[in-house]
Structure formats: C-alpha cells, structure tokens
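# Observations on chain architecture
Each chain is listed here by its residues.
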Amino acid sequence: MTRVIRFYQHGGPEVLRIEDVDVSRPVRGEVQIRVKALGLNRAEALLRTGSYVETPTAFPSGLGLEAAGFVEAVGDGVKNFALGDAVSVMPPPSMIRWPAYAELVNFPAELVVKHPPSLSWEAAAAVWMQYLTAYGALVDIGRLGKRDHVVITAASSSVGLASIQIANVVGATPIAVTRTAAKKEALLAAGAAHVVTLAEGDLAARLAEITGPHGARVVFDAVGGPIFEPLTAAMSLGGILIEYGGLSPEATPFPLFAALSKTLTLRGYRVNEIVGDPVRSATARKFILDGLASGALKPVISRTFPFERIVDAHRFLESNEQFGKIVVTV
C-alpha cells in the first residue's frame, strides 16, 4: 500500500486526505518513481477549489504537478532510465490523470528528467513548473534578450523568481512588481534590477521612469485586473504582454488605445504549450539543466513541510506569505 493525497469534494485545504491505496506497476512508456519531495503550485489549490482549467470528472481526485525521487520501476519500452536513477518530473498535461501527491507515482517517460546530482530532493522538486513556465514565456515566446526591459508581476512567487533569474541569464533587465515594500530587499537580492511596489501608486509612471522613452518590450503578468492598463501604458512599440494567471478578483479591462497605438501583442499562455511540443520542450530542458549546472538558475525554497502536514502546506500556499517555492518532503 502507498500513501496518496486525494480530495472527495471541492473546498479549502481541509478537504485534502492522506489515504493508503494500491499503486499499479507502470504501463508501457511509464516510469515509476519513489517520491522524496513534492513542489506545490497555486494550480493545485485552484484544482482543489474547483477553479482550475480542468475539473475532476469523478471523486476522489488526486492532484499535484511536481515531484522528485528515484526510479522504482520502468514500463515496457523505456530505455533511458535505470532503477535508482535520481529524477524529477515536468508538469503533465493533466494532474488528474497523473497526480504527483503520493509516495509512489507513475509518469510518462517523456516527462521524467535526470536532474543534476548536486540538487537536493527539495530543490529538484522545485525546478520544472517554475523554470519551464518562465522560459516558455520569456525566451521561447517573448524572445527576451540583451537590452530588453521585462516587467514581472507577482515577482516573489516561484515563477516570478525564476523569471528574474532567466532574465539575468539572457542579459535582460528584470523589473519586479510586488504589492508592498515588505519583499523589496529580498527581490533585489534575488537579482531584480528594480523593484516597483503597487503601494507606491502610479505604476505606469514608475515603470516609465525606469525604462525611459522606449518602455518595456516584454511584460510577464500573473495578476490581470486593474494593473493591466498601467502595464500596457509602460510598454514599448511592438511589445508583448504574456498573461499566465488571474490572481486579481477584479475585472481585467482591455487596453484598447495602448494596444492600437503601440501595436501590442497580448496573449494568454500555459506551460503545456511548451511541454507538449517535443522540440520546444527539449530546447527548454537543455537551457534549464545548463542553468542549474552552472548555478545561474537556483530554486528558491520558501518553506518545507512534511507529507503529513499537507493541509498546513496548502494553507501557507494560499497565504501569499511565501517567497519562492513551497516543498513537501515525503
């Protein structure tokens, strides 16, 4: 029997249960992993509450997008992994079909990665969702490069911090946007060239002051809502805004005149479009593994919880107090 985390109805963290179940052997093309650590993401809280882009068709439902551990078994046709290999998993197209919250999981081999041996289990579990999300938006889609200014909202999140690191790798200037000054010094220490707080008031004016007359060519936004218009007001001619979240409970206005006058590109984005494309996924994987090996990319762990305290971990996930990734050890 294996311990897994499931829920039987939508709701708060308290609906999560730890149960003993039988886990089948991996089928053809799958790798079975003995999990040592899990990375937590806001998407999992959204699935739990019924607010995610996918919804369970039946209960109980599993959840989870990231795990690290060692190979326990391999299915037929799997040739690149051996028993005992230290591996981590990229986010699957469906966490309902391939949930990561368990002591033992089966994942498609194409989503399993041998990570650098220098990484701890906790760090390895904090890699793929954040760096693939940031890389796909900034490098693959945004073509971020030297002399570009990039505005990063929700900058203290794991994806925000990964975006700051990637911007620095490619020679761009990362501008972190955060709610208050409480995390300003930490963001500067994490590599942000500038930090703008929403509490300062005029977001567009502050961004214009930093970026000068040309503005920011790339904006990577997780928030939406009222800041959408000042963000686009601070963008350059031909700039691109990539939206990957919807943290604001308020309506997001369409910035008609900024979009027209600056010929802006405004587009939604999910990491699955990178993971689901073998060529783009391989390029992203190499970039990230190279960055991890060199130390240019280094996961920031906010807090670690034991498996038995998954409810507390989800409460902390929803508190907005974290700086970086929340990890659960198994």
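Above this text sits the structure in question.
Here's a quick rundown of the structure. (Residues numbered from 1 in each chain as written. Predicted model: local features only at pLDDT ≥ 70, side-chain atom pairs only at ≥ 80, totals over all residues. Heavy atoms only, no water.)

### Details of the packing of aromatic side chains
In plain terms, the rule: Centres within 6.5 Å make a pair out of two Phe, Tyr or Trp rings, where for Trp the six-membered ring is used; the pair is then stacked when the planes are under 30 degrees apart, edge-to-face when over 60, and tilted otherwise. Working definition: helices are DSSP H or I runs of at least four residues, strands are E runs of at least two. Numbering for both runs from the N terminus. Counting as a charge over the ring demands two things of the Lys NZ or Arg CZ atom: a distance within 6 Å of the ring centre and an angle within 35 degrees of the ring normal.
Taken as a whole and assessed by the stated rule, the structure comprises five aromatic pairs. Aromatic pair Phe 7 and Phe 59: ring centres 5.8 Å apart, planes at 65°, arrangement edge-to-face. Of this pair, Phe 7 sits in strand β1 (residues 2–7) while Phe 59 sits in the loop between α1 (42–49) and β4 (61–62), and the two are 52 residues apart along the sequence. Aromatic side chains Tyr 135 and Phe 287 sit 4.9 Å apart centroid to centroid with 45° between the ring planes, which places their arrangement in the tilted category. Of this pair, Tyr 135 sits in helix α3 (residues 128–141) while Phe 287 sits in helix α10 (residues 278–294), and the two are 152 residues apart along the sequence. Site record: aromatic cluster; members linked through ring pairs are Phe 220, Tyr 244 and Tyr 269. The ring of Tyr 8 carries Arg 17 above its face, with NZ or CZ at 4.5 Å from the centroid.

### Side note on the side chain of Thr 133
Basically, it comes down to this: Burial classes: relative accessible area under 20% of the type maximum marks a residue as buried, over 50% as exposed, and values in between as partly exposed (1.4 Å probe, protein chains only). In this description, contact between two residues means that some pair of their heavy atoms is separated by no more than 4.5 Å.
Examined against the element boundaries, Thr 133 turns out to sit in helix α3. Of the residues examined, Thr 133 reaches a relative accessible area of 6% and is grouped as buried. When residues no more than four places from it in sequence are discounted, the contact partners of Thr 133 are Trp 128, Val 159, Phe 220, Tyr 244, Tyr 269 and Val 271.

### Considerations on the sheet that holds strand β14 (residues 265–268)
We count it as follows: Note on pairing: two strands pair once DSSP finds at least 2 bridges between them. Lines fitted to C-alpha atoms define the axes, with helix axes restricted to the stretch in contact, and inter-axis angles between N-to-C directions lie between 0 and 180 degrees.
The six strands lie next to each other as β11-β10-β9-β12-β13-β14, forming an open sheet whose pairing is parallel. Among the strands making up the open sheet, the edge pair consists of β11 (194–197) and β14. This sheet shows a mean twist of 15° between the axes of neighbouring strands, independent of strand direction. Both strand β9 (residues 149–152) and strand β12 (residues 216–221) contribute to a ladder of three bridges, which runs parallel. Bridged to Ile 152 within β12 is Phe 220. Here α3 sits on the sheet and contacts β9, β12, β13 (235–243) and β14; the angle it forms with β12, its principal contact strand, is near 155°.

### Here's the deal with the pairing of strand β6 (residues 86–89)
Relative to β6, strand β5 (residues 66–74) runs antiparallel, the two sharing three bridges. Opposite Gly 69, over in β6, you have Val 87 as the bridge partner. With three bridges connecting them, β6 and strand β8 (residues 112–114) associate as antiparallel partners. Bridging from a neighbouring strand, Val 89 pairs with Val 112 of β8.

### Observations regarding a nonpolar patch on the surface
Let me state the cut-off plainly: To count toward a patch, a residue needs a relative accessible area above 30% and no salt bridge. Like charges then connect within 9 Å, nonpolar side chains (Val, Leu, Ile, Met, Phe, Trp, Tyr) within 5 Å. Per-residue and other accessible areas were derived by the Shrake-Rupley procedure at a 1.4 Å probe size, with only the shown protein chains allowed to occlude residues. What counts as a salt bridge is simple: a side-chain nitrogen of Lys or Arg found within 4 Å of a carboxyl oxygen of Asp or Glu.
A cluster of nonpolar side chains, namely Phe 254, Leu 256, Phe 257 and Leu 260, defines an oily patch on the protein surface of about 490 Å² accessible area. By secondary structure assignment, the location of Phe 257 is in helix α8 (residues 256–262).

### As for the pattern of salt bridges
What the rule picks out here adds up to 16 salt bridges. Glu 30 is the partner of Arg 97 in a salt bridge, and the nearest nitrogen-oxygen pair spans 3.7 Å. A residue pair is termed long-range when its members are at least 10 positions apart, and Arg 97 in the loop between β6 and β7 (104–108) and Glu 30 in strand β3 (residues 30–40) qualify at 67 residues. Judged by its relative accessible area of 7%, Glu 30 falls in the buried class. Salt-bridge contacts for Lys 114 lead to Asp 85; the nearest nitrogen and oxygen are separated by 3.7 Å. Here Lys 114, found in strand β8, pairs with Asp 85, found in the loop between β5 and β6; they are 29 residues apart in sequence, far enough to count as distant. In this structure Asp 85 comes out as buried when scored by relative accessible area, which is 19%. In this structure, a network of salt bridges that share partners links the residues Asp 140, Arg 267, Glu 273 and Arg 280.

### A short note on the environment of Met 235
Structurally, Met 235 is set in strand β13. Separated by 23 residues in sequence, Met 235 and Ala 258 have C-alpha atoms that sit 8.6 Å apart. Setting aside chain neighbours within four positions, we find Met 235 in contact with His 214, Gly 215, Ala 216, Arg 217, Val 219, Ile 240, Leu 241, Lys 262 and Leu 264.

### Concerning unusual backbone geometry
With the exception of glycine, most residues fall at negative phi, and the peptide bonds are largely trans. In this structure, the amide linkage connecting Phe 59 to the following residue, Pro 60, adopts the cis form with an omega of 5°. The phi angle at Ala 154 is positive, at roughly 50°, despite the residue not being glycine. In this fold, Ala 154 is placed in the loop between β9 and α4 (158–169). Even without glycine at this site, Thr 263 takes up a positive phi of about 45°. Here Thr 263 is to be found in the loop between α8 and β14.

All quantities given are derived from atomic positions and should not be read as evidence of function.
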